[in-house]
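Here's the letter readout for the chains.
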Amino acid sequence: MEHPENNEAYKGLVVNAGIEQPSSVNPYLKRKVKKRQLSVNEFVEGIVKGDVTILSQAVTLVESVRPEHQATAQEVIERCLPYSGNSIRVGISGVPGAGKSTSIDVFGLHVLEKGGKLAVLAIDPSSERSKGSILGDKTRMEQLSVHPKSFIRPSPSAGSLGGVARKTRETIILCEAAGFDKIFVETVGVGQSETAVHSMVDFFLLIQLAGTGDELQGIKRGIMEMADGIVINKADGNNIDKAKLAAAQFRNALHLFPAPDSGWTPRVLTYSGFYNLGVKEIWDMVYEYIDFVKGNGYFEYRRNEQSKYWMYESINEQLRDSFYHNAKIESMLQEKEQQVLKGNLTSFVAAKSLLDTYFEDLK
Ligand code: GDP
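Described below are features of the structure shown in this document. These numbers come from a predicted model, not from an experiment.

A count of helices and strands for the chain gives 13 helices and seven strands. For the chain, the proportion of its 363 residues judged to be buried stands at 43%. Counting only contacts in the chain whose residues sit at least 6 apart along the sequence, the fraction spanning at least 24 positions is 75%. Of the accessible surface of the chain, which amounts to about 20900 Å², a share of 54% is contributed by carbon and sulfur atoms.

Backbone hydrogen bonds are what pair the strands of a sheet, in a parallel or an antiparallel way. Spatial strand order, β3-β2-β4-β1-β5-β6-β7: seven strands in an open sheet with parallel pairing. In this open sheet, the two strands that pair with only one neighbour each are β3 (150-152) and β7 (267-270). The mean angle between the axes of side-by-side strands here comes to 20°, regardless of whether they run parallel or antiparallel. Inspection of the sheet shows strand β5 (residues 203-209) paired to strand β6 (residues 229-233) by five bridges, in the parallel sense. Bridge assignment links Leu205 to a residue of β6, and that residue is Gly229.

Before going further, it helps to spend a moment on helix α4 (residues 100-113). For α4, with 14 residues, the first-to-last C-alpha span of 20 Å sits near the 20 Å given by 1.5 Å per residue. Of all 14 residues in α4, eleven are buried; the element is thus mostly enclosed. Buried within α4 are the following residues: Lys100, Ser101, Ser103, Ile104, Asp105, Val106, Phe107, Gly108, His110, Val111 and Leu112. With its phi angle positive at about 95°, Gly115 sits one or two positions after the end of α4.

Now for the environment of Ala178. Among the structural elements, Ala178 can be located in the loop between α6 (161-177) and β4 (182-188). As for Ala178 and Val48, which are separated by 130 residues in sequence, their C-alpha atoms are 4.8 Å apart. Discounting residues that sit within four places of it in the chain, Ala178 has contacts with Ile47, Gly50, Leu55 and Lys117.

It is worth spelling out the site of the ligand at this point. In the vicinity of the ligand there are 15 residues, among which Lys100, Ser101, Thr102, Lys234 and Asp236 approach most closely. Ser101 places a side-chain nitrogen or oxygen 2.5 Å from an oxygen atom of the ligand. Between the ligand and Lys234 there is a distance of 2.8 Å, counted from an oxygen atom to a side-chain nitrogen or oxygen. Per-element tally for the shell around the ligand: the top contributor is α4, with three residues.

Following the criterion strictly, the structure yields one cavity of 30 Å³ or more and no others. Here the largest cavity defines a volume of roughly 40 Å³. Contributing to the lining of the largest cavity are Glu63, Leu121, Ala122, Arg153, Pro154, Pro156, Lys167, Thr168 and Thr171. Within the residue set of the lining of the largest cavity, elements represented by two or more residues are β2 (118-123) and α6. A breakdown of the residues in the lining of the largest cavity according to their chemical character gives four nonpolar, two polar and three charged.

Using the criterion set out here, one finds 14 aromatic pairs in the structure. Between Phe274 and Tyr275, the ring centres sit 5.0 Å apart and the planes meet at 75°, which makes this aromatic pair edge-to-face. Each member of the pair, Phe274 as well as Tyr275, carries the same accessibility label: exposed. Joined through ring pairs, the aromatic side chains of Phe107, Phe184, Tyr271, Trp283 and Tyr287 make up one cluster. Here the basic side chain of Lys117 rests over the ring of Phe180, its NZ or CZ set 4.5 Å away from the ring centre. The aromatic ring of Phe299 is capped on one face by Lys294, whose charged end is 4.8 Å from the ring centroid.

Another aspect to go through is the pattern of salt bridges. Under the counting rule described, the total for this entry stands at 14 salt bridges. With its nearest N and O atoms 3.3 Å apart, the salt bridge here joins Arg153 to Glu63. With Arg153 in the loop between β3 and α6 and Glu63 in helix α2 (residues 52-63), this pair connects stretches of sequence that are 90 residues apart. There is no split in this pair, since Arg153 and Glu63 are both buried.

Before going further, it helps to examine unusual backbone geometry. The backbone of Lys234 sits at a positive phi, close to 65°, despite the residue not being glycine. Judged by relative accessible area, Lys234 falls into the partly exposed class, the value being 34%. Positive phi is not limited to glycine here, since Asn276 has a value of about 55°.

Let us look at a nonpolar patch on the surface. A cluster of nonpolar residues, Met311, Tyr312, Ile315 and Leu319, forms a patch on the protein surface that exposes about 400 Å² of accessible area. Mapped onto the elements, Tyr312 comes out in helix α11 (residues 298-324). Taking relative accessible area as the criterion, Tyr312 reaches 48% and is therefore assigned partly exposed.

Parameters and conventions
- Residues numbered from 1 in each chain as written.
- Predicted model: local features only at pLDDT ≥ 70, side-chain atom pairs only at ≥ 80, totals over all residues.
- Heavy atoms only, no water.
- Helix = DSSP H or I, 4+ residues; strand = E, 2+ residues; numbered from the N terminus.
- Buried < 20%, exposed > 50% of the residue type's maximum accessible area, 1.4 Å probe, protein only.
- Contact = heavy atoms within 4.5 Å.
- Areas by Shrake-Rupley, 256 points an atom, 1.4 Å probe, with all protein chains shown as cover.
- Pairing = 2+ DSSP bridges.
- Axes fitted to C-alpha atoms, helices over the stretch in contact; angles between N-to-C directions.
- Expected span 1.5 Å × (residues − 1).
- Near = heavy atom within 4 Å.
- Polar contact = N/O pair within 3.5 Å; in protein donor to acceptor, adjacent residues only side chain to side chain.
- 1 Å grid on protein atoms, 1.4 Å probe; cavity = no way out; pocket = protein on both sides within 12 Å on 5 of 7 lines; lining within 4 Å.
- Points joined across faces, edges and corners; volume = space filled by probe spheres on them.
- Nonpolar A, V, L, I, M, F, W, Y, C, P; charged D, E, K, R; others polar.
- Phe/Tyr/Trp six-rings, centres within 6.5 Å; stacked < 30°, edge-to-face > 60°.
- Lys NZ or Arg CZ within 6 Å of the ring centre and 35° of its normal.
- Salt bridge = Lys/Arg side-chain N within 4 Å of Asp/Glu carboxyl O.
- Patch = residues over 30% accessible without salt bridge, like charges linked within 9 Å, V, L, I, M, F, W, Y side chains within 5 Å.

And the structure:
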C-alpha cells in the first residue's frame, strides 16, 4: 500500500496564499511637512483680508529674534501701515488682582456689542511663555477668548522693555490692518511698562481697588498722571461705600496735578467687573474722550508724537543691537572695559576706539 504521506494532500510545507496585509504605517497620519513660510505678499494679502491665522503667523514673525524673520516682518509691517491707524487704542493697567482679566472680558463684550473687532494685546516684560502668568492669556478671558470677533495675544516673551513694547506696537499695526478697530493693550500696573503702554494708546485707563487705609498709598504719581480715566473695581456688595470713598479721594488727588495737555479732565468712576455694573459708563467716558480729543486736534497730535517717539526708540534700539552684536566689538569689549577699570584708558577714549572700530567695520 502506498504510504499516506506520499499523497499530495500531505505535503506539510504547502504555503497558502495569504491575504494582503495592511500597511504598518497609519495612512491617516499626516506627514509632518515643514510649513513653508509665506511670502511678504501672502502675509499682507492675508492680513488685509482679515485672516486671523495669517495675522497670528505675522505676529510670531514680529516677535522672532531671527534676523531673516525680522526682515520679513518689517516689510510686512511697512506694507500694512497704509491700512492701519483706524482704531481706538486703549491701555488698561492695574496691579495683579485688580481685576484686569475679569474686566477686559466684560469690557470686550461691551465694546463688541456695537460691532467691529477687538484685539487684546499685552506688555509684560517679565513674562516668559513657559510660565503660567502671562498677560493676555486666553484662559483668563473666558468669554472673549471664544468670541469670533476677538483676537487675544499674550505679551511677547521676556526681553528688554523697549523690545517687548516695540513688538506690541508693531502688532497693533498688523491688527489694525486686519480690520481690528478696537485695541486693548494690557499691562501690570507696577512699573515702567505703563509708560510704554501710554506711548502707544489713545486712552489710558487705570484700574484701582478700594483699599483699607490711605487709598493713594503705593500708587506712583507718574502712573496716575498718565491716566485719562481711573476706575475703581469691585464696587459691589459690602464694598460699594469703600469704593465710592476711594473714588472721592482719587478725585481730590487728581486736582493736585497739572491739567493734562489734552484739555480733558481725567474722571474717576466706580464699577464692578464681576457683576457687570457701571461698565457702560466707563465706555461712554472713553468714547466721549475720543470725540473730545478728535475735536480739539489732540488725538492726531498724540498719535504723531507717539510715532516720533517710536521712531527714535527704534533707532536707539537697533543701533545698540547692531553695535553690541558686532563680532569685533564683542571681542574687544571686555578688554577695553578692563583697561578703563585699571585706569589705563579714559572712558571717552575707550568708547571712541570701540566706535571707530565699529564704523570702520561697517564700511
Ligand atoms: P488681574 O490679576 O488684574 O487680571 O485680576 P483678575 O481679573 O484675575 O481678578 C482677581 C480676582 O478678583 C478674581 O478672583 C476675580 O474674581 C475678582 N474680581 C474681579 N473683578 C471683581 C469685581 O468686580 N468684584 C469682585 N467682588 N471681585 C472681582
